[in-house]
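# Commentary on secondary and tertiary structure
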Amino acid sequence: MAKKIPADIGPATRLVTGGRRPEWTGPVVNPPVWRASTHLYEDSAAQQAGLKVNQDGVFHYGARGGPTQWALADALTELEPGAAGTMLYPTGLAAPVMALLAVLKAGDELLVSDNSYDPSRTFAVKALRGYGITTRFFDPHDVDGFAAAISDRSRAVLLENPGSVSLEMCDIPALTQAAKARGLVVLLDNTWAGPTGFQALKHGVDLSILALTKHVGGHSDVMLGSVTANAEWYPRLRRHSLMLGQQASPDDCALALRGLRTMGVRLERSCSSALKVAEWLQGRPEVAAVLFPMLPGAPGHDLWKRDFSGGCGLMTIVMAGKDTAARDALVDALGLFGIGYSWGGFESLALGSHPERDRDVMPWPPRGIDPANRHAVRLWIGLEEPQDLIADLERGLAAWSAA
Ligand SMILES: *Cc1c(COP(=O)(O)O)cnc(C)c1O
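For every chain, the first residue of its written sequence is number 1, and the numbers climb from 1 along that sequence. Thresholds applied to this predicted model are a pLDDT of at least 70 for local features of residues and 80 or more for the giving and counting of side-chain atom pairs; totals over whole chains, interfaces and linings are not thresholded and use all residues. Here the side-chain values reflect all heavy atoms present in the structure, with hydrogen atoms and water set aside.

Side chains of residues three or four places apart in an α-helix project in the same direction, reflecting 3.6 residues per turn. In a regular helix each residue adds 1.5 Å, so 17 residues correspond to 24 Å; helix α14 (residues 386-402) covers 24 Å between its end C-alpha atoms and thus fits that length. Next to the buried residues of α14 lie α11 (250-282), β8 (287-291), β9 (314-319), α13 (324-333) and β12 (376-380). A run of DSSP states H or I qualifies as a helix once it reaches four residues; a run of E qualifies as a strand once it reaches two. Both are numbered from the N-terminal end. The span expected for a helix works out to 1.5 Å for each residue beyond the first. By definition in these notes, contact holds between two residues if any of their heavy atoms fall within 4.5 Å.

Below you can see the structure in the form of structure tokens.
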């Protein structure tokens, strides 16, 4: 018999209960991996009747997914108050791409916050141009400037909060209000905080984008993305994504579901360790700035405190002067931090970053930091002992000083 899940549960409980329909899991806890292209019908009449039913959770053909994908999509929808449904994609990048293609048409203009994830920026500029859609970048700190930049051709705005690498916080309610006043569709890449850290749809966003590759997967072994949308946009998003042949692998969805169940405790650990590391780094003379909105006193902390209930252990440090060779010496001296792209796994990562290459209108370093300090290292704080990570970074800073 199916358990009755109470309605008034918190996000951490939802991470455990979400998407676990008994007709998909059977007597076991996790839904099996339903690998399927063909779904079989009872008879021709059922097959012909089935053609008329096109909705989530109905067997039809593998291209519309099966119970493993539906369980993950359901779990993500249940985590986002105000959501009507979730579409899944084979990479995180495919999520903003498909959301934008569902919303925009030839002749439209897209406004993109200048500190967005760089492949999203590249897609907007280079691929959308070929479809007759123009892109304009804006500084999300300047709400009045954003409102003034909206034209009669503007159709949608793509936000990311905090910004990629530079981690500036913007005022999402103020930006969505300005966007809605002119009838714009609001898309937000919410990968950093995720649905347990920031309730995107409740703050006026129409389509909330996640790279599940990061802390939902959580173990650096899966590529996956999702878009969760409100009732106004979900049907169109679903129609467009299926039309464009988008579906995620059931094996990858099973890994993401497994990751989702423990995401709450992993994020708690990553955040508390990241705060310890960030506080320590903030006191070091080699470091000019710690860009990490959860850290009291850091840029954007007030907005984070006002709008967010969580975050993750991704931060960027700006070194005090010197050059890229010294920055690379720091990264290379680290023994516990791997050097590699992505983040959100159990293991810590460090990466020399060049945000200035992916900005059109925003300054690097961010305002308030002396421009002599510009060499940045992005840090993902994993699940190791924070004291071990701090000792590792101390070795890195010594190598930076010696370089
Ligand atoms: C990593 C990332 C993506 C893309 O995810 P992939 O799975 O690597 O394609 C999109 N947005 C943000 C903010 C990311 O950090």
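With that settled, the discussion passes to the sheet that holds strand β10 (residues 338-339). Pairing between two strands requires that DSSP report at least two bridges joining them. Taken in spatial order, the five strands make up an open sheet running β8-β9-β12-β11-β10, and their pairing is mixed. Edge strands, defined here as strands with exactly one partner in the open sheet, are β8 and β10. Taken together, the four bridges between β8 and β9 define a ladder with antiparallel strand orientation. Counterpart to A289 in the pairing with β9 is V318. Contacting β9, β10, β11 (349-353) and β12, α13 crosses the sheet at an angle of about 170° to β11. Here an angle of 0 to 180 degrees is reported between the N-to-C directions of two axes, which are lines fitted to C-alpha atoms, with helices fitted over the stretch in contact.

Let us look at the packing of aromatic side chains. Each aromatic pair joins two rings of Phe, Tyr and Trp (for Trp, the six-membered one) with centres within 6.5 Å, and gets the label stacked for planes under 30 degrees apart, edge-to-face for over 60, and tilted for any other angle. Taken as a whole, this structure holds seven aromatic pairs when the rule is applied. Centroid distance W24 to W70: 5.7 Å. Interplanar angle 50°. Geometry classified as tilted. Here W24 is found in helix α2 (residues 22-25), whereas its partner W70 is found in helix α4 (residues 67-79), with 46 residues between them in sequence. A 1.4 Å probe rolled over the protein chains alone gives each residue an accessible area, and that area as a share of the maximum for its type sets the label: buried under 20%, exposed over 50%, partly exposed in between. Given the relative accessible area of 5%, W24 is considered buried. Where F59 meets W70, the ring centres are 5.4 Å apart and the plane angle is 65°; that geometry is what we call edge-to-face. Of this pair, F59 sits in the loop between α3 (44-50) and α4 while W70 sits in helix α4; the two residues are 11 residues apart in sequence, bridging distant segments of the chain. Judged by its relative accessible area of 7%, W70 is buried. Both a distance and an angle decide whether a charge sits over a ring: NZ of Lys or CZ of Arg must be within 6 Å of the ring centre and within 35 degrees of the ring normal. If you follow R121 out to its NZ or CZ, it ends over the ring of F137, 4.0 Å from the centre. Against the face of W400 rests K322, its NZ or CZ located 5.0 Å from the ring centre.

This next bit is on the site of the ligand. Proximity is defined per residue: if any heavy atom of the residue lies within 4 Å of a molecule or strand, that residue is considered near it. Close to the ligand lie T91, G92, L93, Y117, E160, D189, T191, A211, T213, K214, M223 and W343, which account for all nearby residues. For the ligand, an oxygen atom lies 2.8 Å from a polar atom in the backbone of G92. We get accessible surface area from the Shrake-Rupley algorithm with a probe of 1.4 Å; when it comes to residues, only the shown protein chains can shield them. If the ligand stood free it would expose 380 Å²; the protein chains cover 90% of that surface. Structurally, the ligand is housed in the largest pocket. The class makeup of the residues in the shell around the ligand is five nonpolar, four polar and three charged. The term polar contact refers here to a pair of N or O atoms within 3.5 Å; inside protein, the definition further demands a hydrogen-donor-capable atom paired with an acceptor-capable atom, and it admits residues adjacent in sequence only when both atoms are side-chain atoms. In this analysis a 1.4 Å probe is tested at points of a 1 Å grid over the protein atoms alone, and where it fits but cannot get out there is a cavity; an open set with protein on both sides within 12 Å along at least five of seven lines is a pocket; lining residues have an atom within 4 Å of a point. Molecule-in-pocket calls rest on the fraction of atoms, with more than half required to lie within 2 Å of the cavity or pocket grid points. Residues are sorted three ways: Asp, Glu, Lys and Arg are charged, Ala, Val, Leu, Ile, Met, Phe, Trp, Tyr, Cys and Pro are nonpolar, and all the rest, Gly among them, are polar.

So, about the packing of helix α5 (residues 94-103) against helix α6 (residues 118-130). The relative placement of two packed helices comes down to the angle between their axes together with the axis-to-axis distance. Where α5 contacts α6, the axes come no closer than 10 Å and their chain directions differ by 40°. Classified by the interaxial angle, the pair formed by α5 and α6 is oblique. The two elements α5 and α6 meet at a crossing, and its hand is right-handed. Residues P96, V97, L100 and L101 of α5 form the contact with α6, whose own contacting residues are S120, F123 and L128. Considered class by class, the residues forming the contact of α5 with α6 number six nonpolar, one polar and no charged. Angles below 35 degrees are treated as roughly parallel, those above 145 as roughly antiparallel, those between 65 and 115 as roughly perpendicular, and all remaining angles as oblique. In a left-handed crossing the near helix is turned counterclockwise from the far helix by less than a right angle, and in a right-handed crossing that turn is clockwise.

Think of interface size as the accessible area that goes away when the parts come together; that is how it is often given. Throughout the structure description, domain borders are defined by an automatic or database domain assignment. One can read the domain layout of the protein chain as domain 1 (11-28 + 35-48 + 58-259) and domain 2 (262-402). Taking only C-alpha atoms into account, the centre of domain 1 sits 27 Å from that of domain 2. Tallying the contact residues gives 38 residues for domain 1 and 39 residues for domain 2. In total, domain 1 and domain 2 occlude about 3,300 Å² of area from one another, counting both sides; carbon and sulfur atoms represent 61% of this. As used here, buried area is the combined drop in accessible area, with a 1.4 Å probe, of two parts when they are placed together. The largest per-residue losses of area from domain 1 upon contact with domain 2 belong to V165, M169 and W192, which jointly make up 22% of the total buried on that side. Counted as salt bridges are all cases of a side-chain nitrogen of Lys or Arg within 4 Å of a carboxyl oxygen of Asp or Glu. There are three salt bridges connecting domain 1 and domain 2.

With that settled, the discussion passes to unusual backbone geometry. In this structure, the amide linkage connecting N161 to the following residue, P162, adopts the cis form with an omega of -5°. Within the fold, P162 resides in the loop between β4 (154-160) and α8 (172-181). The omega angle of the peptide bond from W364 to P365 is 0°, so this bond is cis rather than trans. Considering the arrangement of structural elements, one finds P365 in the loop between β11 and β12. Positioned with a positive phi, L167 is a non-glycine residue whose angle comes to about 55°. Structurally, L167 can be placed in the loop between β4 and α8.

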